[in-house]
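# Commentary on secondary and tertiary structure
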Amino acid sequence: MTHAHEYAAEAAAILGAATGVEKHDIALVLGSGWGGAADLIGDEVARVDATDIPGFDAHVVPGHHPVFRSLLSPTGKRVLVLGARQHYYQVRDAGKVAHAIRMAAAAGCTQLVLTNGCGSTRPEVGPGSVVLLDDHINLTGQTPLEGATFVDMSRVYSPRLRELALSIDGSLPDGVYAQFTGPQYETPAEVRMAAVLGANLVGMSTVLEAIAAREVGLEILGLSLVTNLAAGIGGDTLDHQEVLDAGRDAGPRISALLAAIVKGM
Ligand code: 8IG
């Protein structure tokens, strides 16, 4: 075990003691717009300040809450809500971005739901659309992996979990997500580049987490909420308030979708 994985195991032990839940089953990362979903997924058993767990620095971004919640779902699954996503643009260290994912695996999770808010390169898949990730492109130039760690990335997003999501909402479009480092949004030329490369969605999260999750064998479901058309695709410029508004409007609908999916996991 590398130092990074030992540190994550230490964090998981402290999380277990703080929540009173020794083993979790499903980890959930709630991105922009997805914050309300936890309320529908299960009863809250415990709540822990992320800053009480080793490796989670104090930080504040509007729309993000640095807290871990342990839920009990109606089907008896233990769900760990990782409300402390550390974005690459905040910590500038892919290993820190991976820490929560590694902690979740060390806490017993075998499945991971990654959600995000992002921009769309397809005008027909506009704000309010939920997209089921089927692949990604790492445009960050970074990796959370250390040394000669050759992780297979042929099927990052579990075909089985994608089928499950489609059985609940067959209208969900597929998409390829490209992670930029941010925090600036893209230029129109960068969005055209991403689209030429095969990206349908552009964002600032998810990919580095998915890489870390595959290293530890987690089965991943990726769901994106389109909060804006990417720069140059729509007529307008982008602002953070637009993102927050789109998230708020879509909240109840996407929360119900996510709760139904988790129930089937
Ligand atoms: I929400 O248009 C959200 N996050 N990179 N581009 C990038 N990240 C985003 C965007 C976007 N919208």
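Okay, so let's go over this structure. (Residues numbered from 1 in each chain as written. Predicted model: local features only at pLDDT ≥ 70, side-chain atom pairs only at ≥ 80, totals over all residues. Heavy atoms only, no water.)

### Quick word on helix α1 (residues 3-19)
Rules: Helix and strand definitions here come from DSSP, where helices need a minimum of 4 consecutive H or I residues and strands a minimum of 2 consecutive E residues; each element is numbered from the N-terminal end. Take the number of residues in a helix, subtract one, and multiply by 1.5 Å to get its expected span. Classification of residues uses two cut-offs on accessible area relative to the type maximum, computed with a 1.4 Å probe and protein chains only: under 20% is buried, over 50% is exposed, and between them is partly exposed. Throughout, the arc means that of the directions going from the helix axis to the C-beta atoms. Contacts were defined at the residue level, with two residues in contact if any of their heavy atoms lie within 4.5 Å.
The end-to-end C-alpha distance of α1 is 24 Å, a good match for the 24 Å that 17 residues give at a rise of 1.5 Å each. Buried within α1 are the following residues: A4, H5, A8, A11, A12, L15, G16 and T19. Seen end-on, α1 carries its buried residues on one side only, within an arc spanning 140°. Residues of α1 that are exposed and point over 90 degrees away from its buried face: H3, A13 and A17. Contacts made by the buried residues of α1 are with β2 (43-49), β3 (67-72), β4 (78-83), α4 (94-106) and α7 (207-215).

### Section: the environment of V156
Residue position: V156 is located in the loop between β6 (130-138) and α5 (159-168). In this structure V156 touches H136, A210, R214 and I220, once residues within four positions along its chain are discounted.

### Side note on the packing of α4 against α7
Spelled out, the test is: Think of each axis as a best-fit line through the C-alpha atoms, taken over the contacting stretch in the case of a helix, with angles from 0 to 180 degrees between the N-to-C directions. The cut-offs work like this: below 35 degrees is roughly parallel, past 145 is roughly antiparallel, 65 to 115 is roughly perpendicular, and the gaps in between are oblique. When the near helix sits turned anticlockwise from the far one by under a right angle, the crossing is termed left-handed; a clockwise turn instead gives a right-handed crossing.
Axis separation between α4 and α7 bottoms out at 9 Å; the angle between their running directions is 55°. One element, α4, and the other, α7, form an angle in the oblique class. Helix-helix and strand crossings are classified by hand; for α4 and α7 the assignment is right-handed. Contacts between α4 and α7 involve A94, V97, A98, I101 and R102 on the former and, on the latter, L208, E209, A212, A213 and E215.

### As for the side chain of R102
Tracing the backbone through its elements, the reader meets R102 in helix α4. Each residue touching R102, except ones within four places of it in the same chain, is listed here: A4, H5, A8, G95, P144, L145 and E215.

### Comments concerning the nonpolar core
The condition that has to hold: Throughout, nonpolar core names a set of buried Ala, Val, Leu, Ile, Met, Phe, Trp, Tyr and Cys residues whose side chains join them through atoms within 4.5 Å.
Core analysis: the biggest nonpolar cluster contains 44 residues, and I53, F68, L82, I101, M103, L112 and I220 have the highest contact counts within it. Residue contributions to this core peak at seven residues, all from α4. Look past the residues within four positions of I53 in its chain and what remains in contact with it is A11, I14, L15, V48, F68 and M103.

### As for the site of the ligand
Counted only if it meets this: Any residue with a non-hydrogen atom lying within 4 Å of a molecule or strand is treated as near it. The definition of a polar contact used here is a pair of N or O atoms within 3.5 Å, where within protein one atom must be able to donate a hydrogen and the other to accept one, and adjacent residues in sequence count solely through side-chain atom pairs. All accessibility values rest on the Shrake-Rupley procedure with a 1.4 Å probe; residue burial counts only the protein chains present in the view.
If you check the shell around the ligand, you find G117, C118, G119, Y185, E186, V202, G203, M204, T227, N228, L238 and V243 and nothing else. The backbone of G119 places a nitrogen or oxygen atom 3.4 Å from a nitrogen atom of the ligand. Here a nitrogen atom of the ligand and a side-chain polar atom of N228 are 2.8 Å apart. Surface burial for the ligand is 95%, taken as the share of its 330 Å² of free accessible area covered by protein chains.

### Considerations on α4
Side chains that are three or four residues apart share a direction in an α-helix, a result of its 3.6 residues per turn. Look at α4: 18 Å from first C-alpha to last across 13 residues, which is about the 18 Å you get at 1.5 Å a residue. When we look at burial in α4, the residues that qualify are A94, V97, A98, H99, A100, I101, R102, M103 and A104. Its side-chain oxygen placed 2.8 Å from the backbone nitrogen of G95, D93 serves as the N-cap of α4.

### Focus on the side chain of H24
Among the secondary structure elements, H24 is positioned in the loop between α1 and β1 (26-29). For H24, a relative accessible area of 1% corresponds to the buried category. With near-sequence residues (within four places) excluded, H24 lies in contact with T19, S70, R78, V79, L80, A107, G108 and C109.

### Quick notes on the pairing of β6
Successive side chains on a regular strand alternate, one facing one side of the sheet and the next facing the other. Convention followed: A pair of strands counts as paired when DSSP detects no fewer than two bridges linking them.
Bridging between β6 and strand β9 (residues 219-229) involves three bridges; their strand directions are antiparallel. Paired with L132 across the two strands is L223, which belongs to β9. With six bridges connecting them, β6 and strand β7 (residues 174-179) associate as parallel partners. Bridged to L133 within β7 is G175.

Honestly, it's all geometry; don't read function into it.
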